[in-house]
Amino acid sequence: MSDDPGPHLSPTDVHVDSYLVGAGRPARQPGASVNPAVELTSTYAADGPVNYARVGNPTWTAFEEVLGGLEGGRALVHASGMGAISAALSLVPPAGTVLAPDQTYNGTWDLLTAFEASGGTVLRRHATDTAGFLDDLARADLVWLESPTNPLMDVIDLPVVLGAARERGVPSVVDNTLPTPLLCRPLTLGADVVVHSVTKYLAGHSDVVLGATVVGTDARGQAIGERLRLHRTLHGAIAGPLEVYLALRGLRTLALRFERASASAAELARRLADHAFVERVRYPGSGAMLAIDVAGDAAAAERVCAATTLWLHSTSLGGVESQLERRRRHPSEPLGVPENLLRLSVGIEHVEDLWRDLDRALCEVSASRP
Ligand code: PLP
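Draft legend 1. Examining the sheet that holds strand β11 (residues 323–326) more closely. Read from one edge to the other, the open sheet built from five strands follows the order β8-β9-β12-β11-β10, with strand pairing classed as mixed. Both edges of this open sheet fall to β8 (278–282) and β10 (312–313), since each of them pairs with a single strand only. Pairing between β11 and strand β12 (residues 341–345): four bridges, direction antiparallel. Note that in β12 the partner of Q323 across the bridge is S345. Along the sheet, helix α11 (residues 298–307) makes contact with β9 (289–294), β10, β11 and β12, crossing β11 at roughly 160°.

Draft legend 2. Highlighting the nonpolar core. Grouped together as the largest cluster of nonpolar side chains are 39 residues, with contacts concentrated most on F63, L67, V198, L210, L251 and L254. Those elements giving two or more residues to this core turn out to be α1 (16–22), α2 (58–71), β1 (74–78), β7 (211–215), α9 (241–251), α10 (254–272) and β9. Here this core takes six residues from α2, the largest share from any one element. Mapped onto the domain boundaries, this core takes at least three residues apiece from domain 1 (6–251) and domain 2 (256–368). Grouped together as the second largest cluster of nonpolar side chains are 27 residues, L290, I292, A295 and A301 included.

Draft legend 3. The site of the ligand, seen in detail. Within the structure, the ligand sits among 14 residues, and M82, D175, S197, T199 and K200 are positioned closest to it. Between a nitrogen atom of the ligand and a side-chain N or O atom of D175, the distance comes to 2.7 Å. Here an oxygen atom of the ligand and a side-chain polar atom of S197 are 2.8 Å apart. Bound to the protein, the ligand loses 91% of the 390 Å² it would expose on its own. Top element by residues in the shell around the ligand is helix α3 (residues 81–89). It accounts for three residues. Taken together, the residues that form the shell around the ligand break down as six nonpolar, six polar and two charged.

Draft legend 4. Main features of the domain arrangement of the chain. Each assigned domain of the chain is listed with its residue range as follows: domain 1 (6–251) and domain 2 (256–368). Look at where the C-alpha atoms of domain 1 and domain 2 centre, and you get two points 27 Å apart. The interface of domain 1 with domain 2 comprises 26 residues on the first partner and 28 residues on the second. Taking both sides of the interface into account, the surface hidden between domain 1 and domain 2 amounts to around 2,100 Å²; carbon and sulfur atoms contribute 62%. Across the domain 1-domain 2 interface, the total number found is zero salt bridges. At the junction of domain 1 and domain 2, the tally comes to seven residue pairs in polar contact (both at pLDDT 80 or more). For the side of domain 1 that touches domain 2, the elements supplying multiple residues, two or more each, are α4 (106–117), α7 (180–183) and α9. Partitioning the side of domain 1 that touches domain 2 into residue classes produces 15 nonpolar, nine polar and two charged.

Draft legend 5. Representation of the pattern of salt bridges within the structure. If you walk through the whole model with that rule in mind, you get 23 salt bridges. With a shortest N-O distance of 3.0 Å, R232 and E64 are connected by a salt bridge. Of this pair, R232 sits in helix α8 (residues 219–235) while E64 sits in helix α2, placing them 168 residues apart in sequence. Taking relative accessible area as the criterion, R232 reaches 1% and is therefore assigned buried. The partner of R326 in a salt bridge is E302, with the nearest N and O atoms 2.9 Å apart. Of the two residues, R326 sits in strand β11 while E302 sits in helix α11, which places them 24 residues apart along the sequence. Ionic contacts of the salt-bridge type, sharing partners, join the residues E302, R326, R328, R329 and E339 into one network.

Draft legend 6. Representation of the side chain of D357 within the structure. By secondary structure assignment, the location of D357 is in helix α12 (residues 351–367). Within the structure, the side chain of D357 is placed 2.7 Å from the side chain of R360, a separation counted as a polar contact. With sequence-adjacent residues up to four places away left out, D357 is seen in contact with T308, T309, L310 and W311.

Draft legend 7. Spatial organisation of the pairing of strand β3 (residues 121–125). Note that strand β2 (residues 97–101) and β3 share five bridges and pair parallel. Paired with V98 across the strands is V122, a residue of β3. As a crossover connection, the stretch from β2 through α4 into β3 is right-handed.

Draft legend 8. Highlighting α10. Across its 19 residues, α10 extends 26 Å between first and last C-alpha, which sits within 8% of the 27 Å expected from 1.5 Å per residue. If you check which residues of α10 are buried, you get L254, A255, R257, F258, A261, S262, S264, A265, L268, A269 and L272.

Draft legend 9. Here's a closer look at the packing of α11 against α12. As a packed pair, α11 and α12 sit with axes 8 Å apart at the nearest point and diverge in direction by 135°. As judged from the angle between their axes, α11 and α12 are oblique. Seen along the crossing, α11 lies across α12 with a hand that is right-handed. Contacts between α11 and α12 pair A300, R303, V304 and A307 from the former with R360, A361, L362, E364 and V365 from the latter. Each residue belonging to the contact of α11 with α12 can be placed in one class, and the counts come to six nonpolar, no polar and three charged.

Conventions and cut-offs
- Residues numbered from 1 in each chain as written.
- Predicted model: local features only at pLDDT ≥ 70, side-chain atom pairs only at ≥ 80, totals over all residues.
- Heavy atoms only, no water.
- Pairing = 2+ DSSP bridges.
- Helix = DSSP H or I, 4+ residues; strand = E, 2+ residues; numbered from the N terminus.
- Contact = heavy atoms within 4.5 Å.
- Axes fitted to C-alpha atoms, helices over the stretch in contact; angles between N-to-C directions.
- Core = buried A, V, L, I, M, F, W, Y, C linked by side-chain atoms within 4.5 Å.
- Buried < 20%, exposed > 50% of the residue type's maximum accessible area, 1.4 Å probe, protein only.
- Domains from an automatic or database assignment.
- Near = heavy atom within 4 Å.
- Polar contact = N/O pair within 3.5 Å; in protein donor to acceptor, adjacent residues only side chain to side chain.
- Areas by Shrake-Rupley, 256 points an atom, 1.4 Å probe, with all protein chains shown as cover.
- Nonpolar A, V, L, I, M, F, W, Y, C, P; charged D, E, K, R; others polar.
- Buried area = accessible area lost by both parts, 1.4 Å probe.
- Salt bridge = Lys/Arg side-chain N within 4 Å of Asp/Glu carboxyl O.
- Right-handed = clockwise from strand over helix to strand, strands pointing away.
- Expected span 1.5 Å × (residues − 1).
- Parallel < 35°, antiparallel > 145°, perpendicular 65-115°, else oblique.
- Left-handed = near helix turned anticlockwise from the far one by under 90°.

Next comes the structure, spelled out in structure tokens:
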């Protein structure tokens, strides 16, 4: 098995756009492929660096090198974002205490609820209650952060909370799916673990489900990384090489996609703020996600989703296509999320087409109200 991910381009050598294009490629030799191979194998001939494909695969290695460099650490690819989150939560002892925002992505929310049901404790603070987070750190075995929160788009003061956690020796995890490493690199702020739903912006084309964890390169990071690697190997939530290859291909265009989607999100947030059928716009000031509370009830918000033709009514985010959804349609969504909230993931279509479609859908539903 060839375990050489190729030239070790560092994000400090070039701009991030160039790094994303050039990193994780095979060594440049005459006749060499420009892309890593998709290695479809369950096992390897004995006495090599890896003996079984639940432990390692060269296609993973190429992706992990690129993402690790992007976050400034060492990455592991997992079967899904939830696989990565489960691995990170395994760092907490079964009867331990997790400090977390009082509203998170609903999968994380459900996992934390299950953790409580099996004897753990979860301390919850509002995302913007920085003083509360600092107060509770003393009682926590791990602090879990997600900023902006999905879907309320509340921003946590990551530098302050992560800095304090590091100072007090409390391990910290940041779900960096929404900002991506282009906007935020939590390891540089003191985080111990970064988790990603690679399914979203990193892969970017709504064609794979994958996750990743990233840890620092110092001794502490390496020790945590070994625990996460062991969790992946023993619990077996491993990624298929083809999916990882597709995610790596998606990463090549992350900067372009995210820049375009973010510019459109900012413009849509500005226009929606003046829309007669929008009660509130929730936009963190950067990134490609926003949420709106429509001026109507849950049924009206659902009708807006059904009335769009360009925006895709679906439950994911971070793809090239714009997507929208009323989050409270899911019974597991935290109750702090309003019934009339629509989460918008802005894609790379032309912003005027996105605006026309959304504006028309909002106006149609508004006009049809009894
Ligand atoms: N984290 C965030 C912020 C998410 O939005 C999601 C999925 O929507 C996940 C984690 C879970 O990722 P996956 O669906 O890849 O398991």
